[in-house]
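# Results of the structural survey
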Amino acid sequence: MSFMLPQQLIPVLQGKIPAGFPSPAADYQEERIDLTEKLIRHPAATFIVESEGDSMLNVFIPPKALLLVDRSLTPKNNDIVVAVLNGEFTVKILRKNDIKCWLYPANRKYKEIEITPEMNLVIWGVVTYVISNPKDLNSVCLP
């Protein structure tokens, strides 16, 4: 299965909308953007994968979120990555220093995974954007 982002320009309002206190209305000029152009720097190396589970909730990745993953990027410390650990895919935060490497969840219910020489770890790609339905996040984060 493959996803194809529409080659349709989508309206965007100029300016930013505060998430805190409401601000007085301003004149916003509408223009259009191409989401593919805005979100994907390396089209040939970018994939979309759907998330599953709740280990990444605290970085706003609920179940069913669509993750844009760029395989051409070199993963850096604290990047959210799609990894293959001992043959199993996972999404975690990469933490590393000169000596060790860990995969961290973003949910206190789960423990970090310290990568040992016996493990087979491949960083498959770096998550560049998360597309999710706010209702999916609300259903697992709100009481």
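Above this note sits the structure.
Below you will find a few notes about this structure. Quick caveat: nothing in here was measured; it's all calculated off a predicted structure.

Two strands pair when backbone bridges link them, and strand E5 (residues 80-85) and strand E6 (residues 88-96) are joined in this way by six bridges, in the antiparallel orientation. From the neighbouring strand, Leu 85 faces E6, where its bridge partner is Glu 88. Note that E6 and strand E7 (residues 101-104) share four bridges and pair antiparallel. The residue bridging Leu 94 from the neighbouring strand is Leu 103, located in E7. The turn joining E6 and E7, which pair antiparallel and follow one another in sequence, is formed by four residues.

What follows deals with unusual backbone geometry. Its identity is not glycine, yet Lys 64 carries a phi of approximately 80 degrees, on the positive side. Along the chain, Lys 64 falls in the loop between strand E3 (46-50) and strand E4 (66-70). Residue class for Lys 64 comes out exposed when judged on its relative accessible area of 52%. Even without being glycine, Asn 78 reaches a positive phi, approximately 75 degrees. Mapping Asn 78 onto the fold places it in the loop between E4 and E5.

A few words on the nonpolar core. Listed in full, the eleven residues of the largest apolar core are Met 56, Ile 61, Ala 65, Leu 67, Val 69, Ile 80, Val 82, Val 91, Ile 93, Ala 106 and Val 127. For this core, the elements supplying multiple residues, two or more each, are E4, E5 and E6. Those residues within four positions of Ile 93 in sequence are excluded, and the remaining contacts are Met 56, Val 59, Asn 78, Asp 79, Ile 80, Trp 102, Leu 103, Tyr 104, Pro 105 and Ala 106. Residues Val 81, Ala 83, Leu 85 and Ile 115 belong to the second largest nonpolar core, which totals eight residues.

Quick notes on the rules
Residues numbered from 1 in each chain as written. Predicted model: local features only at pLDDT ≥ 70, side-chain atom pairs only at ≥ 80, totals over all residues. Heavy atoms only, no water. Pairing = 2+ DSSP bridges. Helix = DSSP H or I, 4+ residues; strand = E, 2+ residues; numbered from the N terminus. Buried < 20%, exposed > 50% of the residue type's maximum accessible area, 1.4 Å probe, protein only. Core = buried A, V, L, I, M, F, W, Y, C linked by side-chain atoms within 4.5 Å. Contact = heavy atoms within 4.5 Å.

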